[in-house]
Amino acid sequence: MNSANKKAFFKELVFEVYNDVYEPAEDSFLFADNLHVRTGTRVLDIGTGSGILGILAAKKALKVIAVDINPHAVRCAAKNAKQNYASDKLFFLQGDLFAPIAETAKFDLILFNSPYLPSEEGEDEHWLGRAWAGGVTGRQVIDRFIKQAPPYLKREGEILLMQSNLAGIEETVKAFQNQKMQVKPFTYLNLPFFEKLALLKATF
């Protein structure tokens, strides 16, 4: 049984974080601070982790589907949704990216705080590593997400993707353009050692 040994806080919300679940950090809070959800919309939160983005989205959304490949994250996020009074709008699925989502499903907003750090072979073999390890270039999961996401987005919808410049922001822009989508940086955060986080917005 996975026990909760950490807590994370965002505004009035409190999140328990299990041992094998990504603990909300600078990227999570940058995303959360810039998350604007229209009332009555349908939201898909890929890589939900502790559930912070899905729970925030549920405050205004009609429905939120939260997905994570990590079974510990799914249980952790579901518990946090209940404790933060958001479980009536949130539905949790375990799976890799869009694999557990019905092919006919369409969303107004798709969120993904991606695994974006360059990593060595084997670093994604444990659950926690899968939350950040993006392969040699940092793009292993990002590129798969960009290829798979467009069919699930409504024509007037938006994708919000968090990544680091270490994984190549321009490469992400080009990858979205190859999917006939427009993308622009939404907001940035400078980190130590020349790393920069970018929250990107993609639309048709």
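Residues numbered from 1 in each chain as written. Predicted model: local features only at pLDDT ≥ 70, side-chain atom pairs only at ≥ 80, totals over all residues. Heavy atoms only, no water.

Colleague: Hey, could you run me through the overall build of the protein in this one?
Modeller: Helices and strands together make up the secondary structure of the protein, namely six helices and nine strands. For 204 residues, the compact-globule formula gives about 17 Å, and the C-alpha radius of gyration of the protein, at 16 Å, lands near that figure. Referenced to the eigenvectors of the C-alpha coordinate spread, the extents of the protein come out at roughly 40 × 40 × 30 Å. Counting all 204 residues of the protein, 52% fall into the buried class. A separation of at least 24 residues holds for 61% of the contacts in the protein among residues at least 6 apart in sequence. Working note: accessible area of the protein is about 10100 Å², and carbon and sulfur atoms make up 52% of it. (Helix = DSSP H or I, 4+ residues; strand = E, 2+ residues; numbered from the N terminus. Rg over C-alpha atoms; globule rule 2.2 N^0.38 Å. Buried < 20%, exposed > 50% of the residue type's maximum accessible area, 1.4 Å probe, protein only. Contact = heavy atoms within 4.5 Å. Areas by Shrake-Rupley, 256 points an atom, 1.4 Å probe, with all protein chains shown as cover.)

Colleague: Got a minute to help me understand the nonpolar core in this structure?
Modeller: One broad rule of soluble globular proteins: the nonpolar side chains tend to lie buried together. Counting residues in hydrophobic clusters, the biggest one holds 65 residues, and the most contacted among them are Leu35, Leu44, Ile46, Phe98, Ile110, Phe145 and Ile159. The element that contributes the greatest number of residues to this core is helix 2 (residues 52–58), accounting for six residues. If near-sequence neighbours (up to four positions away) are discounted, Ile159 is found in contact with Ile110, Phe145, Ala149, Leu153, Phe176, Met181, Leu200, Lys201 and Ala202. (Core = buried A, V, L, I, M, F, W, Y, C linked by side-chain atoms within 4.5 Å.)

Colleague: Help me understand the pattern of salt bridges, please; the structure alone is not making it clear to me.
Modeller: Note on pairing: side chains with opposite charge can pair once their charged atoms come close. According to the stated counting rule, one finds six salt bridges in the structure shown. In this structure, the salt-bridge partner of Glu16 is Lys79, at a minimum N-O distance of 3.1 Å. With a gap of 63 residues between them, Glu16 in strand 2 (residues 13–18) and Lys79 in helix 3 (residues 71–83) connect regions that are remote in the sequence. Residue Lys154 is joined to Asp108 by a salt bridge in which the shortest nitrogen-to-oxygen separation is 3.4 Å. Remark: Asp108 occurs in strand 6 (residues 107–113) and Lys154 occurs in strand 7 (residues 153–164); sequence separation between them is 46 residues. With a relative accessible area of 24%, Lys154 lands in the partly exposed category. Residues participating in the shared-partner salt-bridge network are Lys7, Glu16 and Lys79. (Salt bridge = Lys/Arg side-chain N within 4 Å of Asp/Glu carboxyl O.)

Colleague: Help me out: how do you make sense of the layout of surface pockets in this one?
Modeller: Space left empty within the atom packing is revealed by a probe, the size of a water molecule, rolled over the atoms. What the largest pocket holds in volume is close to 720 Å³. In terms of lining, the largest pocket is formed by 44 residues, of which the most central are Asn113, Pro115, Arg130, Ala131 and Trp132. Here the second largest pocket is characterised by a volume of approximately 280 Å³. Taken together, Phe10, Lys11, Glu12, Leu13, Ala32, Asp33, Leu35, His36, Val37, Leu56, Lys59 and Lys60 make up the full set of residues lining the second largest pocket. Partitioned by chemical class, the residues of the lining of the second largest pocket number six nonpolar, one polar and five charged. (1 Å grid on protein atoms, 1.4 Å probe; cavity = no way out; pocket = protein on both sides within 12 Å on 5 of 7 lines; lining within 4 Å. Points joined across faces, edges and corners; volume = space filled by probe spheres on them. Nonpolar A, V, L, I, M, F, W, Y, C, P; charged D, E, K, R; others polar.)

Colleague: Would you mind going over the packing of aromatic side chains with me for this structure?
Modeller: Two numbers describe a pair of aromatic rings. These are the distance of the centres and the angle of the planes. In the structure shown here, the tally under the stated rule is four aromatic pairs. For the ring pair Phe10 and Phe29, a centre distance of 6.2 Å and an interplane angle of 10 degrees mean the geometry is stacked. Of this pair, Phe10 sits in strand 1 (residues 4–10) while Phe29 is found in helix 1 (residues 26–33), placing the two residues 19 residues apart along the sequence. Take Phe10: its relative accessible area is 7%, and that puts it in the buried class. Overall, the relative accessible area of 25% leaves Phe29 in the partly exposed class. Here the aromatic cluster, defined as three or more aromatic residues joined through ring pairs, consists of Phe98, Phe112, Phe145 and Tyr152. Over the ring of Tyr188 we find Lys196; its NZ or CZ atom is 4.8 Å from the centre of that ring. (Phe/Tyr/Trp six-rings, centres within 6.5 Å; stacked < 30°, edge-to-face > 60°. Lys NZ or Arg CZ within 6 Å of the ring centre and 35° of its normal.)

Colleague: Please clarify how the sheet that holds strand 7 should be interpreted in this entry.
Modeller: Strand pairs in the sheet, formed through backbone hydrogen bonds, run parallel or antiparallel to each other. Pairing is mixed in the open sheet, where seven strands are placed in the order 5-4-3-6-7-9-8. The outermost strands of the open sheet, each flanked by one partner alone, are strand 5 (90–94) and strand 8 (182–190). Strand-to-strand twist of the sheet, defined as the mean angle between neighbouring strand axes without regard to direction, takes the value 15 degrees. With six bridges connecting them, strand 6 and strand 7 associate as parallel partners. When the sheet's bridge partners are listed, Asn113 is paired in strand 7 with Met162. Along the sheet, helix 1 makes contact with strand 6, strand 7, strand 8 and strand 9 (196–203), crossing strand 6 at roughly 155 degrees. Packed onto the sheet, helix 3 meets strand 4 (63–68) and strand 5 and runs at close to 170 degrees relative to strand 5. (Pairing = 2+ DSSP bridges. Axes fitted to C-alpha atoms, helices over the stretch in contact; angles between N-to-C directions.)

Such coordinate-based values are descriptive only and should not be taken to indicate function.
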